[in-house]
Amino acid sequence: MIQAILVFNNHGKPRLVRFYQRFPEEIQQQIIRETFHLVLKRDDNICNFLEGGSLIGGSDYKLIYRHYATLYFVFCVDSSESELGILDLIQVFVETLDKCFENVCELDLIFHMDKVHYILQEVVMGGMVLETNMNEIVAQIEAQNRLEKSEGGLSAAPARAVSAVKNINLPEMPRNINIGDLNIKVPNLSQFV
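Residues numbered from 1 in each chain as written. Predicted model: local features only at pLDDT ≥ 70, side-chain atom pairs only at ≥ 80, totals over all residues. Heavy atoms only, no water.

Per an unreviewed UniProt entry, the recorded name for the protein is AP-3 complex subunit sigma-2 isoform X1, and the organism is Tursiops truncatus. The protein has a UniProt comment under Sequence similarities (unreviewed entry) that states "Belongs to the adaptor complexes small subunit family." (UniProt positions renumbered as here; feature names shortened; annotations may be inferred.)

Spelled out as structure tokens, the structure:
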């Protein structure tokens, strides 16, 4: 099972952090720092697997990582996961980000955090791998984008609601509203309109 997914830059700044096991925030920060230092001190020509740090479970857990340009993608997994399978999963995740953002960079992860988390949830949820077919993941992301565009986005909803209320064409303001046994008298609101 995947315990954590960490993405940080060459300077150790976290750009994506997702823990699938509950840790207090102080411990999470220590795990991020320890993981960064473990991964940073390794040469590029060394294997991309190493034992987990002392904070996240020691030898029972493995850190599997890939370094792309300025970003490290690190998956912390237990011993039941395949190292090569996780390396392939990292590749699928990065290629999906690349397709969705058209040549992904660190700034995309900063300014489009919601979309990055949505993509990650299409790949991994609750520490379990959901989907590894990049075409299926991209199709789901495009369907979500079409849905957001058709709704006009959440930020436009209040303006549309006010516009709809203003455009209600009532011949006159109702004075009494009857709903079953409930009778409501409406005050004269003409002074406010």
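Colleague: Whenever I open this one, the overall build of the protein confuses me. Can you help?
Modeller: Helix and strand content of the protein: six helices and nine strands. For the protein, the residues scored as buried account for 35% of the 193 residues in total. Nonlocal contacts in the protein, meaning residues at least 24 apart in sequence, comprise 45% of its contacts between residues at least 6 apart. Split by element, the accessible area of the protein, about 12200 Å² in all, is 53% carbon and sulfur. (Helix = DSSP H or I, 4+ residues; strand = E, 2+ residues; numbered from the N terminus. Buried < 20%, exposed > 50% of the residue type's maximum accessible area, 1.4 Å probe, protein only. Contact = heavy atoms within 4.5 Å. Areas by Shrake-Rupley, 256 points an atom, 1.4 Å probe, with all protein chains shown as cover.)

Colleague: In this structure, what is going on with the pairing of strand β4 (residues 61-68)? I would like to understand it.
Modeller: If a strand is regular, its side chains alternate between the two faces of the sheet. Here β4 lies mainly inside the structure; six of its eight residues are buried. Here strand β3 (residues 49-51) pairs with β4 via three bridges, running antiparallel. Residue pairing for β4: L50 is matched across the bridge by L63. Pairing between β4 and strand β5 (residues 71-78): eight bridges, direction antiparallel. Bridge pairing in β5 links H67 to Y72. In this structure, the hairpin formed by β4 and β5 is closed by a connection of two residues, where A69 is found at a positive phi of approximately 50°. (Pairing = 2+ DSSP bridges.)

Colleague: For this particular structure, what's the right way to read the nonpolar core?
Modeller: For soluble globular proteins, nonpolar side chains are generally found buried alongside one another. Ranked by size, the top nonpolar core spans 29 residues in total, and within it I2, F73, F75, I86, I90 and F93 carry the most contacts. At ten residues, the largest contribution of residues to this core is made by helix α2 (residues 83-101). Counting residues in hydrophobic clusters, the runner-up holds 16 residues, among them F36, V39, Y72 and C76. (Core = buried A, V, L, I, M, F, W, Y, C linked by side-chain atoms within 4.5 Å.)

Colleague: Looking at this model, I keep getting lost on unusual backbone geometry. Mind explaining?
Modeller: Negative phi is the rule for most residues except glycine; trans is the rule for most peptide bonds. The phi torsion at A69 lies on the positive side, around 50°, for a residue other than glycine. On the secondary structure map, A69 appears in the loop between β4 and β5. You will see that N103, though not glycine, has its phi angle at about 75°, which is positive. Mapped onto the secondary structure, N103 falls in the loop between α2 and α3 (106-111).

Colleague: Help me out: how do you make sense of the sheet that holds β3 in this one?
Modeller: The strands that make up a sheet are held in pairs by hydrogen bonds between backbone atoms, and each pair lies either parallel or antiparallel. Strand order in this open sheet of five strands is β2-β1-β5-β4-β3, and the pairing throughout is antiparallel. Two strands bound the open sheet, and with one partner strand each, they are β2 (14-19) and β3. Here the average twist between neighbouring strands, direction ignored, is 20°. Pairing between strand β1 (residues 2-9) and β2: five bridges, direction antiparallel. From the neighbouring strand, V7 faces β2, where its bridge partner is L16. (Axes fitted to C-alpha atoms, helices over the stretch in contact; angles between N-to-C directions.)

Colleague: Just checking my understanding: could you explain a nonpolar patch on the surface for this structure?
Modeller: There is a patch of nonpolar side chains on the surface, built from I177, I179, L182 and I184 and spanning about 340 Å² of accessible area. Elements supplying a minimum of two residues to the nonpolar patch: β8 (176-179) and β9 (182-185). Looking at the secondary structure, you find I177 in strand β8. By relative accessible area, which is 34% here, I177 ends up partly exposed. (Patch = residues over 30% accessible without salt bridge, like charges linked within 9 Å, V, L, I, M, F, W, Y side chains within 5 Å. Salt bridge = Lys/Arg side-chain N within 4 Å of Asp/Glu carboxyl O.)

Colleague: Just to check I follow, could you spell out the side chain of E106 for this structure?
Modeller: Here E106 is to be found in helix α3. Within polar-contact distance, the side chain of E106 engages the side chain of R15 at 2.7 Å. Setting aside residues no more than four positions away along its own chain, E106 makes contact with N9, R15, T70 and L71. (Polar contact = N/O pair within 3.5 Å; in protein donor to acceptor, adjacent residues only side chain to side chain.)

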